Every structure is written in structure tokens, then in C-alpha cells.
Amino acid sequence: MEMTTAPRKLHKNSKLYEQVAEHIARMIDTQTYRAGERIPSVREMSIQKRVSVSTVLQAYGLLESQGLIEAKPQSGYYVRARFSKSVPVPDISSPQCDPTKVNIHELTMMIMKDIFNPNLVPLGAATPNSSLLPADKLNRILASIARRKSVDSIKYDIPPGYMPLRIQIARKAVKAGASFGPDEIITTNGCIEAIDLCLRATCKAGDTVAIESPTYFGILQSMESMGLKALEIPTHPSEGINIDTLMFAIEQTPVKACLVISNYNNPLGSCIPDENKKRLVRLLEGLDIPLIEVDISGELHFADIRPTVCKAYDKKGLVLLCSSFSKTLCPGYRVGWVAAGRYQSKIEWLKFTFSLATATLPQMAVAEYLQSGGYELHMRKVRRAYAYNVSRMYEAVIRHFPEGTRVSRPDGGFVLWIQMPETVDSLILYKQALQAGITLSPGYLFSATKRYKNYIRLNASRWSDDINRGVIRLGEIVEKMV
Ligand SMILES: Cc1ncc(COP(=O)(O)O)c(C=O)c1O
């Protein structure tokens, strides 16, 4: 499958700044500059093209308005992630809207052992690129705290958790449009514990929870362990959950909670537009149904602006916002949190009951790291790298997978959701890929009803020759299966 881009034509009567813009646009089209890479500075370009600085500024302004490049403060102009319009995104899911018992644990546990195996090409687990994590700085801070505050750092830090960290989390939430104080946050062992606590606080065994389809298998496993039923709602590859269908389904089936990954859904990459977030919150408020919102990848946006969270529109304390530092800083520290609205005291009690406390030292280290001021710079680097890596993997999939393959076009995060021709069974593909030393996540994992037979999720957080070879090999295996 080829990615086609029509060659740009230089118009005879173009103004000088338009000619400069067209020159750069052509270099982007031919991939001389790729997504996430910096183009020459205004000064460099003015020297190269022998034009004034203001002409280059006008040209860059034009390219920005066309969505080809973006300015990063104090850093320069960068190529934005772009995806081929000629390759369709995966079909919008169409699960039957009936509540179902979840049963995916055997499949998940079988696959977990392989997808974390460091000797295989790592396209399976949705772990961040470890070379982009500030490991040295974080570990230095942690060691220094262990020395400086040796007694405090080994004490229990009972719920709601370490206050300086909760202050940092509350400050960060402003960027997502949400405003809550440190007293409205409980720290947890990763985002998964936050999700688990929210489900326990809002539901009991046998209840039904409305979820996006597809959704992250960790959510399905939490639901399975609690004996909850899943009501899977069709979800658009870019716009997220279909709110009309959700409302219709809720009219037919009593639902105790709704759970969405609002920004850059795992595996779909969808991001609920702000208007829909507002509408979703209002509609659920009207029915007094709590909304559990997962925003673990919200800060991994490729464009300049961070998407908002549903919590920003919460007037009744019915949105329980869950997140962690696992995708951005340190998955192994297991530091997550929930802003639980009107469920705050219930979740504090549940947290105390189930795990007593979140480990103290990692919370202290993350808090000090955030206070130290390097976080924004780190995130800018990470976002650029993921925009680049995701678009490289996207191009490779398009090039090497057979005709009929559809690929998601995420605006953030680092996973790709791939729909292959009907004849491909992702579990058979999984086994054959494993023999070739490659891991992936088969589509079955992302649904309570074992849908998505011919889908896979790939981790696109890394890009290298080895990864490229892995994708090429995967494409060959899929080709044979077709
Ligand atoms: C949507 C989503 N929620 C939760 C998790 C788990 O996060 P944590 O490692 O912070 O528990 C993940 C990890 O991939 C995820 O993608």
C-alpha cells in the first residue's frame, strides 16, 4: 500500500513569501523534513533564500495556518504530524449494545508474559519509550530524598497521599481546564488503581458500566475482577464515544457508571472534542450517573494545545478523573491519582482498605521533580518525539501492510490501531509474529465480547531500524495470511 502525495505546483504569480512557503511545503511533502523535526530557523531561511526575515515570518505564518508546521516557544518551527488522507481510519465500532460479562483474563495473562519480554521487538505493550524518560534525574532526586529525609520517606503516607504532590497535580490540572484543590485528590498506585477504586466506589457486582469500544484491557480486567457487566458503546476513531448511542443504550439498560478514556484512547487514539465532553457531562449529570474519566495520555498532544478533560465541565462532582505519571515520567514508580468529586471520602476509605497507602518515596520524588521546573521542557521533547515516531510507524504500516489495511490517525499518545483485511485473525498473527521475535497486542484484548478479530494495536513510542524491520516483517506475515 503506498502513501500518495500529489506534487505541489509553484504558481507563477505567487508572492515572495508564498514561494518560500511552497518551497518548505514541498520539502515536507518529500519528507526531507518529517513530522516532529525542526525546520530551519527564520534567520537561517532568510539567508538560504536571500529574502528578508519578515518574508520568512510571513511564509511560516502561512504554513502554520495550513497546519503544516507549528511554532514552539523558544525552540523554533516544527513539522506537524500528518497522516495520509487516502488511507481510511478503522471502521467505527458497532458492538451490540447489550450488557455482557467480561472474560478476558486468560488471554491477557497469556499475552502479558510475552509483551513485556525485553528480547522481542516491543510493539505489544503500550509502555513509553524509556530513552525519553528522565530516569537519571528522577533517580537522583529519589536517592537524595532518601538521604535527606530518611525517616519521613519510609513512613506510611496514608490517603489522601503526599500533600506536595497533590499540590503539583492540582496546578497541572489547570492546563486541562479543570480546577480542583489538593484536598480533592487521592494519590494511588498508578492509574489502574485509581480506575479500580472508582469502579468500586460507584458500582457493585452485577452492575453495568457503559464503556467505549474498543477500550484498554486493564479497564476490562478491573471490571471482570469485580463481576461488573460491560455495555460497549460504538466509538469513533477520532471523536470518541458516540453520545447519542450511549444515551439510547442507557434508556434501555440501567447503567451505574460510564467510563471513558477521554484523550487519546488506548488503543483507538480518539480524543473526545470539547463540545462533546461538555455534552457528555451534562447528559450524565441529568441522569445522576457518575463519569469515570481516564486522562493518562492527555499531556501527549502533538499540537500545541492540551485537550481539556470532562472534569473541566463538572458542576456536580460526578466526574472522577483518573491519571498517573506512567506515560510521561516513570511507570515503575507507580504514582497515580484520582480527583474523585463527591466520591472523595468513599475513595479515601477504599484506598485505605485495599492498599493502605501509596509508596511514599516515589511520591516525594515525583513532587520534587515537578517543583524543580524541568517538566515542561521534558514534555515538549517527548511530544515532538512521539509525533515523529508515530508518523514514521504509520508510514511504515501503510507501506508494508496489504491493501485494505486501515490505520488510526492519533493526534497524541503513542499507539496505532490497525484494522486488517477480514481474513486475518490477530491471535494467529500474534503467534506467528512471536516466532519471528515480534510482540503486538491482538484486537481481542480490547473488548468484552472478543470483537476486533482482525485488529491489532502497535506501540509506536519508539522508532529505529530494528522497529522498522519488525514492521516490515509483520507486514509480510499479514500479507501471507491474506
Ligand atoms: C488507558 C490506560 N489506563 C491505565 C493504564 C495503566 O496505567 P498505570 O501504569 O499508571 O497503572 C494504562 C496503561 O497503559 C492505560 O493505557
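Description of the structure in this document.

1. Thoughts on the packing of aromatic side chains
Inspection of the entire model under this criterion finds ten aromatic pairs. Summarising the aromatic geometry, the rings of tyrosine 386 and phenylalanine 414 are spaced 4.9 Å apart at their centres and angled 55 degrees between planes, so their arrangement reads as tilted. Pair noted here: tyrosine 386 is in helix 13 (residues 375–400) and phenylalanine 414 is in the loop between strand 13 (406–407) and strand 14 (415–419), with a separation of 28 residues, a long-range link. Considered together, tyrosine 386 and phenylalanine 414 belong to a single accessibility category, that of buried residues. Here a set of aromatic residues connected by ring pairs shows up, and it is made of Tyr216, Phe217, Trp417, Phe446, Tyr452 and Tyr455. The ring of phenylalanine 354 carries the charged tip of arginine 200 above its face, separated from the ring centre by 4.7 Å.

2. Topic: the layout of surface pockets
As a volume, the largest pocket reaches approximately 900 Å³. Ala81, Arg82, Phe83, Lys85 and Asp411 are the residues nearest the centre of the largest pocket, which is lined by 40 residues in total. Of all the secondary structure elements, the ones that give two or more residues to the lining of the largest pocket are helix 1 (16–29) and helix 13. Top contributing element to the lining of the largest pocket by residue count: helix 13, with three residues. The volume enclosed by the second largest pocket comes to roughly 640 Å³. Lining the second largest pocket are 34 residues; nearest its centre among them are Ala126, Tyr216, Asn266, Ile296 and Lys327. Contributing elements (two or more residues each) for the lining of the second largest pocket: helix 4 (105–115), helix 7 (190–202) and helix 8 (217–226). It is helix 8 that contributes the most residues to the lining of the second largest pocket, five residues altogether. Of the residues that constitute the lining of the second largest pocket, the class distribution is 21 nonpolar, ten polar and three charged.

3. So, empty space enclosed by the protein
One pass over the structure, following the stated rule, counts two cavities of 30 Å³ or more. In this model, the largest cavity occupies a volume close to 40 Å³. Forming the walls of the largest cavity are Gly36, Glu70, Lys72, Tyr78, Val79, Arg80, Phe302, Arg384 and Ala387. Of the residues that constitute the lining of the largest cavity, the class distribution is four nonpolar, one polar and four charged. Considered as a void within the structure, the second largest cavity measures approximately 30 Å³ in volume. As for the second largest cavity, its lining consists of Val281, Leu284, Glu285, Ile289, Leu291, Leu318 and Val319. Among the residues forming the lining of the second largest cavity, the class breakdown is six nonpolar, no polar and one charged.

4. Focus on the site of the ligand
Around the ligand, a shell composed of 13 residues is seen, among which Cys191, Asn266, Ser324, Ser326 and Lys327 lie nearest. Serine 326 places a polar side-chain atom, nitrogen or oxygen, 2.6 Å from an oxygen atom of the ligand. With respect to the ligand, the side chain of arginine 334 contributes an N or O atom lying 2.8 Å from an oxygen atom. With respect to the detected pockets, the ligand is housed in the second largest pocket. With four residues, helix 7 is the single largest residue contributor to the shell around the ligand. Along the lines of polarity and charge, the residues of the shell around the ligand split into seven nonpolar, four polar and two charged.

5. Considering the sheet that holds strand 14
Backbone-to-backbone hydrogen bonds pair the strands of a sheet. The strands run either parallel or antiparallel. Taking strand neighbours across the sheet as the criterion, the four strands line up as 13-14-17-16 in an open arrangement whose pairing is antiparallel. Each edge of the open sheet is held by one strand with a lone partner, namely strand 13 and strand 16 (441–442). Taken together, the two bridges between strand 13 and strand 14 define a ladder with antiparallel strand orientation. Across the sheet, residue arginine 406 finds its bridge partner in strand 14, namely glutamine 419.

6. Concerning the environment of histidine 236
Position of histidine 236 among the secondary structure elements: in strand 7 (residues 229–236). Owing to a relative accessible area of 30%, histidine 236 belongs among the partly exposed residues under this scheme. Expressed as a C-alpha distance, the spacing of histidine 236 and serine 213, which sit 23 residues apart in the sequence, is 9.0 Å. If near-sequence neighbours (up to four positions away) are discounted, histidine 236 is found in contact with Ile92, Leu268 and Ser270. Within the structure, histidine 236 has its side chain in polar contact with the backbone nitrogen of serine 238 (distance 3.0 Å).

7. Quick word on the environment of alanine 385
Structurally, alanine 385 is set in helix 13. Exposure remark for alanine 385: the relative accessible area of 16% places this residue in the buried category. Residues alanine 385 and glutamate 70 lie 315 residues apart in sequence; the distance between their C-alpha atoms is 14 Å.

8. A word on the nonpolar core
Among the nonpolar cores identified, the biggest contains 118 residues, and Phe325, Ile347, Met393 and Leu429 are the most heavily contacted of them. Residues in contact with isoleucine 347, not counting those within four places in the same chain, are Ile186, Leu197, Cys198, Ala201, Leu320, Val338 and Ala340. In terms of nonpolar packing, the next biggest core, distinct from the first, is built from 21 residues, Leu231, Cys258, Leu280 and Val281 among them.

Basis of the calculations
- Residues numbered from 1 in each chain as written.
- Predicted model: local features only at pLDDT ≥ 70, side-chain atom pairs only at ≥ 80, totals over all residues.
- Heavy atoms only, no water.
- Phe/Tyr/Trp six-rings, centres within 6.5 Å; stacked < 30°, edge-to-face > 60°.
- Helix = DSSP H or I, 4+ residues; strand = E, 2+ residues; numbered from the N terminus.
- Buried < 20%, exposed > 50% of the residue type's maximum accessible area, 1.4 Å probe, protein only.
- Lys NZ or Arg CZ within 6 Å of the ring centre and 35° of its normal.
- 1 Å grid on protein atoms, 1.4 Å probe; cavity = no way out; pocket = protein on both sides within 12 Å on 5 of 7 lines; lining within 4 Å.
- Points joined across faces, edges and corners; volume = space filled by probe spheres on them.
- Nonpolar A, V, L, I, M, F, W, Y, C, P; charged D, E, K, R; others polar.
- Near = heavy atom within 4 Å.
- Polar contact = N/O pair within 3.5 Å; in protein donor to acceptor, adjacent residues only side chain to side chain.
- Sits in = over half its atoms within 2 Å of the grid points.
- Pairing = 2+ DSSP bridges.
- Contact = heavy atoms within 4.5 Å.
- Core = buried A, V, L, I, M, F, W, Y, C linked by side-chain atoms within 4.5 Å.

Geometric values such as these leave the question of function open.
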